[in-house]
Amino acid sequence: MRKGTESVGKTVMWTVPLPIVLLVLLGIRGITLPGAATGLNFLFEPNFAKLADPRVWANAFGQIFFSLSVAFGIMIAYGSYNDKKNDVANNAIITALGNSATSFLAGIAVFSVLGYMAQQMSVPVDEVVSGGIGLAFVVYPQAISLIPGGIIVQSIIGLAFFVMLLTLGIDSAFSLVEAIEAAAGDKFKVNKKAFLIGFSILGFIFGLLFATQGGLYWLDIIDHFMGTYALLVVGILESVIIGWLFGADKLRKYINSVSEIKIGKWFDISLKYIIPIVLIFILGLNILDEIKNPYGGYPSWALTIGFLVFIAIPIIGFIFAKLPSRDEKYNEKVTKITFEEE
């Protein structure tokens, strides 16, 4: 990353296609297992009653925000490196469709194996796993150990699965760190190499919490608050700031000026009214539900810590936003010198 986005681009040329190839292989192996059809039916058969559950909506928003890197600052950081005449609408549509297609592929790979596990354990699919991070680190490895073909086949599939997780994690880390580095670099003109070293060390120290025996629980709690509530709040703020302060019509006119696919006034209505209203409604319902039914059955003190982390992040961001930038300090110094000379 210290060599810039061009170096990151060369790396993700390998780390992005590799997980897709591995997902295809895991999906093919999964659908050939006995009981796979049961898992796939559970995945694709709609349960409309779930639409009344606010947590389902919040998790859905959190998931699509996370997988598209929306409300992280990542798209803003990477977008700042683009040519001003890039086809924004076309790129956005391709990215969204490609992301959803990959999610379907991942669903097929996971639920076909869960169907196989359900048959082996003689239980319904929804009793095999409740979801969350345990799916990747507990249930799926267990499922791999049950796949017929002997230790060699299991080892190959297990290796492929965890290489896939590693490459996905690396890609996420690139993006998350780049968003912060780009903001710090633009505002404070920090040395890129020094910043990345310091930030990585800081991240490593805080990350040690997740390597303890209680790490899986802390990861689950913090992921719940940051991956659901924080993203909803940032989504609300972004839609309000861009829609009302910057101007949705101004953004739409710019997009149409550089894009093959033109967008209509529905974009303005969606950005100014529909998105913030829906997100505020979902956020409010989830907070009420959280008060009545604490997440995961965790003790209140543990959930309080997760909530405080969620509150602390925007406060820290606000403080850094208010700090004078290096350019502002320079201009202030020049103004002062000029005034004294006069």
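To keep things clear, this report deals only with the structure shown in the data block.

Definitions and cut-offs
- Residues numbered from 1 in each chain as written.
- Predicted model: local features only at pLDDT ≥ 70, side-chain atom pairs only at ≥ 80, totals over all residues.
- Heavy atoms only, no water.
- Helix = DSSP H or I, 4+ residues; strand = E, 2+ residues; numbered from the N terminus.
- Contact = heavy atoms within 4.5 Å.
- Areas by Shrake-Rupley, 256 points an atom, 1.4 Å probe, with all protein chains shown as cover.
- Lys, Arg positive; Asp, Glu negative; His and termini not counted.
- Charge placed at Lys NZ, Arg CZ, Asp CG, Glu CD.
- Buried < 20%, exposed > 50% of the residue type's maximum accessible area, 1.4 Å probe, protein only.
- Patch = residues over 30% accessible without salt bridge, like charges linked within 9 Å, V, L, I, M, F, W, Y side chains within 5 Å.
- Salt bridge = Lys/Arg side-chain N within 4 Å of Asp/Glu carboxyl O.
- Phe/Tyr/Trp six-rings, centres within 6.5 Å; stacked < 30°, edge-to-face > 60°.
- Core = buried A, V, L, I, M, F, W, Y, C linked by side-chain atoms within 4.5 Å.
- 1 Å grid on protein atoms, 1.4 Å probe; cavity = no way out; pocket = protein on both sides within 12 Å on 5 of 7 lines; lining within 4 Å.
- Points joined across faces, edges and corners; volume = space filled by probe spheres on them.
- Nonpolar A, V, L, I, M, F, W, Y, C, P; charged D, E, K, R; others polar.
- Axes fitted to C-alpha atoms, helices over the stretch in contact; angles between N-to-C directions.
- Left-handed = near helix turned anticlockwise from the far one by under 90°.
- Polar contact = N/O pair within 3.5 Å; in protein donor to acceptor, adjacent residues only side chain to side chain.

## Side note on the overall build of the chain
- When you go through the chain residue by residue, the secondary structure sums to 13 helices and zero strands.
- Reading the helices (α) and strands (β) of the chain from amino to carboxyl end gives α-α-α-α-α-α-α-α-α-α-α-α-α.
- By sequence separation, contacts in the chain at least 24 residues apart represent 76% of the contacts at least 6 residues apart.
- Accessible surface for the chain amounts to roughly 21300 Å². Of this, 70% is attributable to carbon and sulfur atoms.
- For the chain, the centre of its 24 positive side-chain charges and the centre of its 25 negative side-chain charges are spaced 6 Å apart.

## Quick word on unusual backbone geometry
- In the Ramachandran plot, Ser69 falls in the positive-phi region, its phi being about 60° despite a non-glycine side chain.
- Mapped onto the secondary structure, Ser69 falls in the loop between helix 4 (54-68) and helix 5 (74-79).
- For Ser69, a relative accessible area of 17% translates into the label buried.
- One non-glycine residue, Lys189, lies in positive phi territory at about 55°.
- Mapping Lys189 onto the fold places it in the loop between helix 8 (150-188) and helix 9 (192-207).

## Concerning a nonpolar patch on the surface
- The grouping of Leu237, Val240, Ile241, Ile242, Trp244, Leu245, Phe246, Ile269, Tyr273, Ile274, Ile277 and Val278 at the surface amounts to a nonpolar patch, some 1100 Å² of accessible area in total.
- Listing elements by their share of the nonpolar patch, those giving two or more residues are helix 10 (215-258) and helix 11 (266-292).
- No other element matches the seven residues that helix 10 contributes to the nonpolar patch.
- Mapped onto the secondary structure, Trp244 falls in helix 10.
- For Trp244, a relative accessible area of 42% gives the class partly exposed.

## Re the packing of aromatic side chains
- Tallied over the entire structure, the rule returns 16 aromatic pairs.
- Judged by centre distance (6.3 Å) and plane angle (70°), the ring pair of Phe188 and Phe320 falls under edge-to-face. A residue pair is termed long-range when its members are at least 10 positions apart, and Phe188 in helix 8 and Phe320 in helix 12 (residues 300-322) qualify at 132 residues.
- Consider the rings of Trp218 and Trp301, whose centres lie 6.0 Å apart with planes at 65°: the pair is edge-to-face. A residue pair is termed long-range when its members are at least 10 positions apart, and Trp218 in helix 10 and Trp301 in helix 12 qualify at 83 residues.

## Regarding the nonpolar core
- If you look at the biggest cluster of nonpolar residues, it comprises 22 residues, and the most contacted ones within it are Leu26, Leu114, Tyr140, Phe161 and Met164.
- When contributions to this core are tallied by element, the ones reaching two or more residues are helix 2 (17-31), helix 6 (88-121), helix 7 (134-146) and helix 8.
- It is helix 6 that contributes the most residues to this core, seven residues altogether.
- Ranked by size, the runner-up nonpolar core spans 20 residues in total, among them Phe61, Phe65, Leu279 and Leu303.

## So, the environment of Ile222
- When you line up the elements, Ile222 lands in helix 10.
- Sequence-wise, Ile222 and Ala302 are 80 residues apart; in three dimensions their C-alpha atoms are separated by 9.7 Å.
- Residues within four places of Ile222 in sequence aside, it is in contact with Leu209, Phe210 and Gly227.

## With respect to the layout of surface pockets
- Of the volumes computed, that of the second largest pocket is approximately 270 Å³.
- For the second largest pocket, the lining is made up of 13 residues, of which Phe225, Glu290, Ile291, Leu303 and Phe307 are closest to its centre.
- When residues of the lining of the second largest pocket are traced back to their parent elements, those giving at least two are helix 10, helix 11 and helix 12.
- A breakdown of the residues in the lining of the second largest pocket according to their chemical character gives 10 nonpolar, two polar and one charged.

## Re the pattern of salt bridges
- Taken as a whole and assessed by the stated rule, the structure comprises five salt bridges.
- Between Lys192 and Glu181 there is a salt bridge, and its shortest N-O distance comes to 2.8 Å. Placement of the pair is Lys192 in helix 9 and Glu181 in helix 8, with a sequence separation of 11 residues.
- Overall, Glu181 belongs to the buried group, its relative accessible area being 6%.

## Some points on the packing of helix 4 against helix 6
- Where helix 4 contacts helix 6, the axes come no closer than 10 Å and their chain directions differ by 115°. The two elements helix 4 and helix 6 meet at a crossing, and its hand is right-handed. Within the contact between the two elements, helix 4 uses Ile64, Ser67 and Leu68 and helix 6 uses Thr95, Ala96 and Asn99.
- In the contact of helix 4 with helix 6, the residues fall into three nonpolar, three polar and no charged.

## Some thoughts on the side chain of Glu290
- Within the secondary structure, Glu290 sits in helix 11.
- Among the polar contacts made by the side chain of Glu290, one reaches the side chain of His224 at a distance of 3.0 Å.
- Residues contacting Glu290, with those up to four places away along its chain left out, are Arg55, His224, Phe225, Tyr229 and Tyr295.

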